Amino acid sequence: MIKTVHVKKGYQLRIEGIVDATLKSLKTPDHVAVCPARVPFIKPRLRVKKGDDVRIGTLLFEDKQEPRFQFLSPGGGRIDDIRFGPRRVIDQVVIALARDENQVDFPALTDRTLATISRSDLVNMIMAGGIWPLIRALPFRDIANPDTMPPAIFVGLDDLEPFQAAPEVYLTDNENLFDFGVRVLKRLSDTVYVTAAKANRNVKNCLNGQINLVHTGKYPAGDPGVLLYHLKTTSKENNSWFIAGQDVLMLARLLTTGHYPTERVVAIGGSAADEKQHVQARLGASIADLLGYPVDPAVMRCVSGGVFRGQVVSPDGFLGLYETALTLLPEGNEKEFMALFNPGWKKQTYSRVYLSHLNPADLTVNCNRHGDERACIACMHCADVCPVDILPQLTYKAVLAGEVEEALAHGLLDCVECGLCTYVCPSKIELTDALKTAKAAYRKEREGG
Ligand code: SF4
Ligand code: SF4
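Note that the structure is predicted; figures quoted are calculated from it, not measured. Note that residues are indexed from 1 along each chain, following the sequence as it is written. All chains are assigned letters beginning with A, and all ligands numbers beginning with 1, in the order in which they are written. Totals for whole chains, interfaces and linings use every residue, but because this is a predicted model, local features are given only for residues with pLDDT of at least 70 and side-chain atom pairs only at 80 or more, for both listing and counting.

**Overview of the site of ligand 1**
For step 1, the next point in the chain: Lining the immediate environment of ligand 1, one finds 16 residues, of which Cys 386, Pro 392, Cys 415, Cys 418 and Cys 421 sit closest.
For step 2, the next point in the chain: Contributing elements (two or more residues each) for the shell around ligand 1: α12 (420-424) and α13 (431-446).
For step 3, the next point in the chain: Helix and strand definitions here come from DSSP, where helices need a minimum of 4 consecutive H or I residues and strands a minimum of 2 consecutive E residues; each element is numbered from the N-terminal end. With three residues, α13 is the single largest residue contributor to the shell around ligand 1. The C-beta atom of each residue is placed using the backbone, and any residue whose C-beta lies within 6 Å of a molecule or strand is treated as near it.

**Description of the packing of helix α10 (residues 392-400) against α13**
For step 1, the next point in the chain: Lines fitted to C-alpha atoms define the axes here, with helix axes fitted over just the stretch in contact, and angles between the N-to-C directions of these axes take values from 0 to 180 degrees. Look at α10 against α13: their axes get within 10 Å of each other, and the N-to-C directions meet at 50°. By the angle between their axes, α10 is oblique relative to α13. Handedness of the α10/α13 crossing: left-handed. Contacts between α10 and α13 involve Pro 392, Thr 395, Tyr 396 and Val 399 on the former and, on the latter, Leu 431, Ala 434, Leu 435 and Ala 438. The cut-offs work like this: below 35 degrees is roughly parallel, past 145 is roughly antiparallel, 65 to 115 is roughly perpendicular, and the gaps in between are oblique. Put simply, a crossing is left-handed when the front helix is turned counterclockwise from the back one by less than a right angle, and right-handed when it is turned clockwise. Placing a C-beta atom from the backbone of each residue, one calls two residues in contact when those atoms lie within 7 Å.

**Some details on the site of ligand 2**
For step 1, the next point in the chain: Around ligand 2, the surrounding shell holds 15 residues, and the nearest of these are Cys 376, Cys 379, Cys 382, Gln 393 and Cys 425.
For step 2, the next point in the chain: The set of elements that each furnish at least two residues to the shell around ligand 2 consists of α9 (381-385) and α10.
For step 3, the next point in the chain: We call Asp, Glu, Lys and Arg charged. Ala, Val, Leu, Ile, Met, Phe, Trp, Tyr, Cys and Pro are nonpolar, and the rest, Gly among them, are polar. Looking at the shell around ligand 2 residue by residue, the class counts come to twelve nonpolar, three polar and no charged.

**Overview of the sheet that holds strand β19 (residues 311-313)**
For step 1, the next point in the chain: Taken together, six strands build an open sheet; the order of strands is β2-β17-β16-β20-β18-β19 and the sheet is mixed. One side of each edge strand has no neighbouring strand; the edge strands of this open sheet are β2 (23-25) and β19. Across the sheet, the mean angle from the axis of one strand to that of its neighbour is 35°, orientation sign disregarded. Only when DSSP finds a minimum of two bridges between them are two strands counted as paired.

**A few points about the packing of helix α4 (residues 175-188) against helix α7 (residues 245-257)**
For step 1, the next point in the chain: Orientation of α4 relative to α7, taken along the N-to-C sense of each, is 90°, at an axis distance of 8 Å. For the element pair α4 / α7, the angle class is roughly perpendicular. Residue-level contacts link Leu 177, Phe 178, Phe 180, Gly 181, Val 182 and Val 184 of α4 to Val 248, Leu 249, Leu 251, Ala 252, Arg 253, Leu 255 and Thr 256 of α7.

**Focus: the nonpolar core**
For step 1, the next point in the chain: Core analysis: the largest hydrophobic core is formed by 117 residues, its most contacted members being Ile 153, Val 155, Leu 251 and Val 266.
For step 2, the next point in the chain: Top element by residues in this core is α7. It accounts for seven residues.
For step 3, the next point in the chain: The contacts of Val 266, once residues within four sequence positions are left out, are Ala 165, Val 279, Ala 281, Leu 290, Leu 319, Thr 324, Ala 325 and Leu 326. To define a nonpolar core, we join buried Ala, Val, Leu, Ile, Met, Phe, Trp, Tyr and Cys residues through C-beta atoms within 7 Å and take the resulting set. Residues with at least 20 other C-beta atoms within 10 Å of their own are called buried, those with 12 or fewer are called exposed, and the rest are partly exposed. The C-beta atoms themselves are positioned from the backbone.

**Comments concerning the domain arrangement of the protein**
For step 1, the next point in the chain: Domain delimitation in this document rests on an assignment produced automatically or drawn from a domain database. Domain assignment breaks the protein into domain 1 (1-8 + 33-261) and domain 2 (373-446).
For step 2, the next point in the chain: In this structure, domain 1 and domain 2 have C-alpha centres spaced 28 Å apart.
For step 3, the next point in the chain: Taken together, the contacts link ten residues of domain 1 with eight residues of domain 2.

**Re the sheet that holds strand β15 (residues 241-244)**
The pairing of strands in a sheet happens through backbone hydrogen bonds and is either parallel or antiparallel.
For step 1, the next point in the chain: Spatially, β1-β14-β13-β12-β15-β10-β11 is the arrangement adopted by the seven strands of the open sheet, whose pairing is mixed. Both edges of this open sheet fall to β1 (3-6) and β11 (142-143), since each of them pairs with a single strand only.
For step 2, the next point in the chain: Running at roughly 90° to β15, α7 makes contact with β12 (153-156) and β15 of the sheet.

**So, the environment of Val 295**
For step 1, the next point in the chain: When you line up the elements, Val 295 lands in the loop between α8 (287-291) and β18 (300-304).
For step 2, the next point in the chain: Overall, Val 295 belongs to the partly exposed group, with 19 C-beta atoms counted inside 10 Å.
For step 3, the next point in the chain: Residues Val 295 and Ser 314 lie 19 residues apart in sequence; the distance between their C-alpha atoms is 9.3 Å.
For step 4, the next point in the chain: Contacts of Val 295, omitting those with residues within four sequence positions, involve Met 300, Cys 302 and Pro 315.

**Notes on the pairing of strand β8 (residues 77-84)**
For step 1, the next point in the chain: Two strands pair when backbone bridges link them, and strand β5 (residues 53-54) and β8 are joined in this way by two bridges, in the antiparallel orientation. Looking at β8, one finds that Val 54 is bridged to Gly 77.
For step 2, the next point in the chain: Inspection of the sheet shows β8 paired to strand β9 (residues 90-97) by seven bridges, in the antiparallel sense. Along β9, the bridge assignment pairs Ile 82 with Val 93.
For step 3, the next point in the chain: Where β8 hands over to β9, the hairpin turn is made up of five residues, of which Arg 87 adopts a positive phi near 55°.

So, in structure tokens, the structure goes:
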């Protein structure tokens, strides 16, 4: 039976630059990279040095705290550079690809061996094959603990953040692979929810009966944390796991072929993008290879991962492990002529101060904050959009005052870090960052340091 979750709060940004449903293949790049600094909560320990030869699937680095979390090379060739950020954080491990890439062989499964392999052997195969970090756990969104049995695993197909890779694009011709991946997940947990937006008929046609949880509502209705918040009946379910739909294909590719998967579909969107399209790209592709044209960072911003949750990347940077969306937005530094008298027919507004709320067209978004942080005016916009019924302004005040218990009582751990409260706040208060940092600090304290 298909369950339905109705998410009443949230917000759908009407934004220009929607991604076309066609899929374009890119030529093999010269370089790919892995970005350890973009994997939250790990302490990377390098296993290669500059100049080493690597194959697809060679171990590049592992987590010092949990060495079974392994991060493998998405390309075969030579380690071209290891770039460090502030405080010697390992920013990028760059691989120059060889003309003929070699690959590491891992054991593979068939339908029959999947049914008979023990759960612990299956977990070990996924970890040795470098795919385990794609399975993450609520509420902190860290890599799932392989020694636990989760109450449920959520597979997310539609997360409704603008410009994400469309599931009907990456699932086409991969339906059987997806089915295999879901069967792998069913060996890890008794409950696996394959989730999609109720309105997305394309996905339902593609998957023919595999979806067992649909959601209605605005962004971030499809987020696993939001779905869990609306479904859970006990606090034990708070530690459920989740994996993105496209990563189920990665998992299945590793286990059916015995080779580390190297490709992903990436959505390129945003009003400043020349071509708004899906591309079949190498894992760890550079921004330059994905776009195929130069970007001036003074006038255009590259955001990797999504407009609300993503991060700004340099045009000479690379996509991170969890990122399958690249958005290009104008910086918006230009001074507006007669700004005070502009009725804002094309300006984004949540609070309806501009006439644009009467304009049915998708609107431009730029990166200009239009002002600095001010004191909270108790407008309650943040609470009105919060999909998990937190009062963000009160939780934020508790966090600032160091009142951890009070912040927890307000529902801090339910926060899905969606970014909406920050977006709608007329006082420009960075609510999401503060709550995300507080969650991470609480996790650190709970883990004992
Ligand atoms: S508190 Fe803010 S970031 Fe957290 S779920 Fe609510 S709206 Fe999203
Ligand atoms: S949206 Fe901003 S100003 Fe309004 S109540 Fe929330 S924190 Fe305060």
